[in-house]
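# Understanding the architecture of this molecule
One-letter residues, chain by chain:
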Amino acid sequence: MGSVVSDAAAFGVPPLVDTDGPVQPWQTDPTRAPVATKIVVAGGFGVGKTTLVTAVSEITPLQTEALMTEASEETDDLAATPGKLTTTVAMDFGRLTLDDDLVLYLFGTPGQQRFWFMWDDLVRGAIGAVVLADTRRLKDCWPALDYFESCGLPYVVAVNHFDGSELFEAEDVREALTIPAHIPVMIMDARRRISAIETLLSLVGHALDETPE
Ligand SMILES: Nc1nc2c(ncn2[C@@H]2O[C@H](COP(=O)(O)OP(=O)(O)OP(=O)(O)O)[C@@H](O)[C@H]2O)c(=O)[nH]1
Ligand SMILES: [Mg+2]
C-alpha cells in the first residue's frame, strides 16, 4: 500500500501542507510540530480581560458580550470603567501564534461573580493563567489568585494600568497582594498588543519553569 499522502492525492484530496505558501520548518520537521497551548485570562469584573484577548488575537476573537442593564447596578461597580456597556457572559476566545510553532489559545473568563461556576471548565487543560489586576480595586483579583493557588495552575499577575490611575511599581503590587517572589508581576496595558504579548510570554516562561520535566 502506498503512503497516506499519495493515496489521498489519487483521490483528489488536497495535501495537508499548504503548497502555495513557503514551507515552514514545523511542516517538515516532526520535532517542530506546532505546540498548541491553552491560556486563561482571568481577573475581576471589568479589569480588561476581553480587551487583552482582542488586542492580541490574530483571528477575529469570539466574544460573548451582553449589554449590562440597571439590574446589575448594585453588584457591578462601574466607577473605574464608566464607559463600559457590556460584560462577558461566557468567555472570550482568541489565538496567537508565536515563533511559527507555538500557538496560544486564549480563553478570557467572565468577570461577574455569578458566572464563576464556568471557571472549572475554562481552566481544564490550560498551561497557566494571566491574572489581571487594577490598582484601584486590587482586592477584585483575590478570588482569581485564590483559585489558581488552590488548583496549582501557574499564573502571572498583570496590572492593567488605566489612564489617570496612579502608576505603581510592580514590586509594590507584589507586596500588597503578597505574591511569592518566583511569580512574575508586571505593569502592562491590555489595549497594547506588544504589552499584552510580553505578558503572555512571561506566563509561558513561568509555566515552563513550574512544570516538572
Ligand atoms: N483606559 C483604559 N481603559 C481600558 C483598559 N483596558 C480596558 N479598558 C476599558 O475598560 C473597560 C473594561 O474592559 P473589558 O475588556 O470589557 O473588561 P473585562 O475584564 O473583559 O470585563 P468583564 O468581562 O465584564 O469582567 C472597557 O470599556 C475598556 O475599553 C486600559 O488599559 N486603559
Ligand atoms: Mg470580558
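Calculation rules
- Residues numbered from 1 in each chain as written.
- Chains lettered and ligands numbered in written order.
- Predicted model: local features only at pLDDT ≥ 70, side-chain atom pairs only at ≥ 80, totals over all residues.
- Helix = DSSP H or I, 4+ residues; strand = E, 2+ residues; numbered from the N terminus.
- Near = placed C-beta within 6 Å.
- Nonpolar A, V, L, I, M, F, W, Y, C, P; charged D, E, K, R; others polar.
- Pairing = 2+ DSSP bridges.
- Axes fitted to C-alpha atoms, helices over the stretch in contact; angles between N-to-C directions.
- Contact = placed C-beta atoms within 7 Å.
- Buried ≥ 20, exposed ≤ 12 C-beta atoms within 10 Å, placed from the backbone.
- pLDDT = per-residue confidence, 0-100.
- Arc of directions from axis to C-beta.
- Core = buried A, V, L, I, M, F, W, Y, C linked by C-beta atoms within 7 Å.
- Parallel < 35°, antiparallel > 145°, perpendicular 65-115°, else oblique.
- Right-handed = clockwise from strand over helix to strand, strands pointing away.

### What about unusual backbone geometry?
Within the chain, Thr178 stands out as a residue other than glycine whose phi angle is a positive 45°. Within the secondary structure, Thr178 is located in the loop between α6 (170-177) and β8 (185-188).

### Observations concerning the site of ligand 1
Surveying the vicinity of ligand 1 reveals 20 residues, the closest of which are Thr50, Thr51, Thr87, Thr88 and Gly111. Within the residue set of the shell around ligand 1, elements represented by two or more residues are α3 (49-56) and β3 (86-88). With 3 residues, α3 is the largest single contributor of residues to the shell around ligand 1. Looking at the shell around ligand 1 residue by residue, the classes come out as 5 nonpolar, 10 polar and 5 charged.

### Some thoughts on the sheet that holds strand β5 (residues 102-108)
Strand order in the open sheet formed by 6 strands is β4-β5-β1-β6-β7-β8, with mixed pairing between adjacent strands. Strands at the two margins of the open sheet, each flanked by one partner only, are β4 (92-98) and β8. Each strand axis lies, on average, 25° off the axis of its neighbour in the sheet, ignoring direction. As judged from the 4 bridges shared by strand β7 (residues 155-160) and β8, these two strands associate in the parallel manner. Bridge pairing in β8 links Val157 to Val185. Across the face of the sheet, α3 comes into contact with β1 (35-43), β4, β5 and β6 (128-133) while running at roughly 40° to β4. Packed on one face of the sheet, helix α5 (residues 142-151) meets β1, β6 and β7 and runs near 160° to β6.

### Concerning the environment of Leu153
Examined against the element boundaries, Leu153 turns out to sit in the loop between α5 and β7. You can call Leu153 partly exposed: it has 17 C-beta atoms within 10 Å. Counting along the chain gives 24 residues from Leu153 to Ala129, while the straight-line C-alpha distance between them is 7.2 Å. Leu153 has contacts with Val123, Ala126, Gly128, Ala129 and Phe148, leaving out every residue within four places of it along the chain.

### Description of the confidence of the model for the chain
In the predicted model, the chain carries a mean pLDDT of 88, and the fraction of residues at 70 or more is 88%. In this model residues 1-9 is a low-confidence stretch, pLDDT under 50, and it forms 4 contacts with partners more than four residues away in sequence or in other chains.

### Digging into α5
Every buried residue belonging to α5 is among Ala144, Leu145, Tyr147 and Phe148, and all of these are buried. The buried residues of α5 occupy an angular sector of 160° when the element is viewed end-on, so they sit on one face. Turned more than 90 degrees from where α5 packs its buried face, Asp146 and Ser150 sit exposed. In this structure, the buried residues of α5 make contact with β1, α4 (119-122), β6, β7 and α6.

### Here we look at the nonpolar core
Ranked by internal contacts, the top residues of the largest apolar core, which has 40 residues, are Ile39, Val41, Ala129, Val130, Val131, Leu132 and Val157. Non-local contacts of Ala129, meaning those with residues more than four positions away in its chain, are made with Ile39, Val40, Ala42, Val123, Phe148, Leu153 and Tyr155.

### Overview of the packing of α3 against helix α7 (residues 193-210)
Where α3 meets α7, the axes come as close as 9 Å, and the angle between the chain directions of the two elements is 100°. Put simply, α3 runs roughly perpendicular to α7. Residue-level contacts link Leu52, Ala55 and Val56 of α3 to Arg193, Ala196, Ile197 and Leu200 of α7. Considered class by class, the residues forming the contact of α3 with α7 number 6 nonpolar, no polar and 1 charged.

### Focus: the pairing of β7
With 6 of 6 residues buried, β7 is to be regarded as a mostly interior element. Of the two faces of β7, the one carrying Tyr155, Val157 and Val159 and the one carrying Val156, Ala158 and Asn160 are both buried. Considered for its hand, the β-α-β crossover made up of β6, α5 and β7 is right-handed. Following the chain from β7 across α6 to the adjacent parallel β8, one finds a crossover that is right-handed.

### Comments concerning the environment of Lys38
Residue position: Lys38 is located in strand β1. Remark: the alpha-carbon pair of Lys38 and Ile127, spanning 89 residues in sequence, is separated by 6.0 Å.

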